[in-house]
Amino acid sequence: MRVAPYNPDSLDMSDGNPTPSSRPTAIDLVAAAVARVTPRALHPRIDAVRHDVRQMVRSLTVDKTHPYSSPGSTVDAPPPLDEISIVSALLPASLAERYDAIRRDVRSMTRGVRGEKAPVTVDRKPSADTARAENPSQGASTEPARSLQPRKMRVVEVRRETQDASSFVLEDPSGAAFSFAPGQFVTVVSHVKGETHRRAYSISSLTSELPRFAITVKRVDGGLVSNHLNDTVRDGDTMEILGPSGSFTLAAAGPAAPEQLWLFVGGSGITPIFSMLRDALAKHPWTHVTLVYANRAKDTVIFREALDEVSREYGARFRHLPVLERQDPYAEVTGRLDQETCAAVCEVLEVPADAQCFVCGPEPMMDAVRATLLARGVPREHIHEERFTSPQKRTHDAPASRGGHKLEIRYGRNGRKSLVTRPDQTVLEAGLEAGLDMPFSCTMGGCGACKLKLVSGSIDMVEPNCLLESEKAEGAVLACVGCTTSDAVVEVP
Ligand code: FES
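A quick note: this is a predicted structure, and the numbers were derived from the prediction, not measured.

Turning our eyes to something else, we now look at the nonpolar core. Among the nonpolar cores identified, the biggest contains 32 residues, and Ile 270, Ile 273, Leu 277, Leu 291, Phe 318 and Phe 358 are the most heavily contacted of them. For this core, the secondary-structure elements that each account for two or more residues are strand S7 (260-266), helix H7 (270-283), strand S8 (288-295), helix H8 (304-314), strand S9 (318-324) and strand S11 (356-360). Ranked by the residues each element gives to this core, the list is headed by H7, at eight residues. Residues in contact with Ile 273, not counting those within four places in the same chain, are Phe 248, Leu 263, Val 265, Leu 291, Phe 358 and Cys 360.

Take the environment of Arg 159 next. Structurally, Arg 159 is set in strand S1 (residues 151-160). The class of Arg 159 is partly exposed, set by a relative accessible area of 34%. Considering only alpha carbons, one finds Arg 159 and Thr 216, 57 residues apart in sequence, at a separation of 9.0 Å. Dropping the residues within four chain positions of it, Arg 159 is found in contact with Ala 165, Ser 166, Ser 167, Val 169 and Ala 214.

Looking now at the sheet that holds S9. An order of S10-S9-S8-S7-S11-S12 is seen for the six strands of this open sheet, with the pairing classed as parallel. Two strands lie at the open edges of the sheet, namely strand S10 (333-334) and strand S12 (383-386), each paired on one side alone. Alignment of S8 against S9, held across seven bridges, turns out to be parallel. Following the sheet pairing, Asn 295 is matched in S9 by Leu 324.

Reading the values: the criteria
Residues numbered from 1 in each chain as written. Predicted model: local features only at pLDDT ≥ 70, side-chain atom pairs only at ≥ 80, totals over all residues. Heavy atoms only, no water. Core = buried A, V, L, I, M, F, W, Y, C linked by side-chain atoms within 4.5 Å. Buried < 20%, exposed > 50% of the residue type's maximum accessible area, 1.4 Å probe, protein only. Helix = DSSP H or I, 4+ residues; strand = E, 2+ residues; numbered from the N terminus. Contact = heavy atoms within 4.5 Å. Pairing = 2+ DSSP bridges.

Here's what the structure looks like:
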């Protein structure tokens, strides 16, 4: 099942995570002080020790029955290490706010003096709704519409994870902020042999590593973009991205992180899961994670050593069951993760009927896992899946008459704009060109952010895309992969 479309407005993404951070404790302050006088490379280690000590102290001071007696209760996530200000923590609350504001201003002025662009911390552009409310008669936003132009990121490091997979560490060269929720993906816009291609790649790093973040790309047999990135991109290069997008995040499991998190993964499906599982272990002390990770052979296991490190760090809270097709002492289960193997694994691991499960990998594996979990009584809404479809696999015979029609776009109570689409121009491109502030994120049919309601006429979409059959039956269309095939009227929800 696809989880509800990602709605950036519903999350507090100030630190890239929907969970609010608490004020620093004495332990946080000591860790921050140590971090100030040690090289940056040691910060992750210091942060890990800080989390351990916080947990230890908490286990001594909090009622031992927590969290099992009150699964709905939450524990504040600690503030990110690099954001802790020792002075601010020592000041009274009224002065601390003022001090933080001055600190931010000075930082931004320093950036300005250095000639760097100020980080984008506040979106000053009025939302589409505000603009419409202020100017309903005009219809379209008076602000320039969002552009389909991707954001340029600098590649600061390329890490070879396996023979076939690389992680690319990216950052905005202007210093502008970037935020994401673990499990989300970005759309990479690549120019190969004179053509522009878009592909979705999941973020594999942690929000605590921001403003840098990493995507991991595994080669696909004959894959134009995955091979191009693995073969040609080097440190210092520029990569163009859109997003982040996607609702395959822990928030899909509910407002509080689950006590038991079950992850079923095949091959490069580990990428979003790797970010998600480390985030859950670091931020939610009551969460236990089980990872069932299927691969062909040991040397194709992405993040193999890093996962061993996670096991050492979190002990009994992290259980990893490697499944390999080839015989190998590393494997706990040998064979493909088909329905039979999956059923046996679930039986041995005693996956409970109320488990919250996240599944990512090749289609046959995902189908087998879903069928097995449903057979064990796990409700559909507890099975969260991320499916990426390679455009090469898309089988779509586009009608000859795409574009060149009258299109009316309705929004708000009275807003409407009429335009004529050009041949092969998507509804999104046409709307943006006309100055409308249309919602979108991935621009490749993968996230649902650009969903519109078709009121009349016909729109042809590239298939497959992320819309459910039930949504299509209700008249939903995706503006980013939809072209008019007759005069049409659509509504922006
Ligand atoms: S923008 Fe993501 S589906 Fe259209």
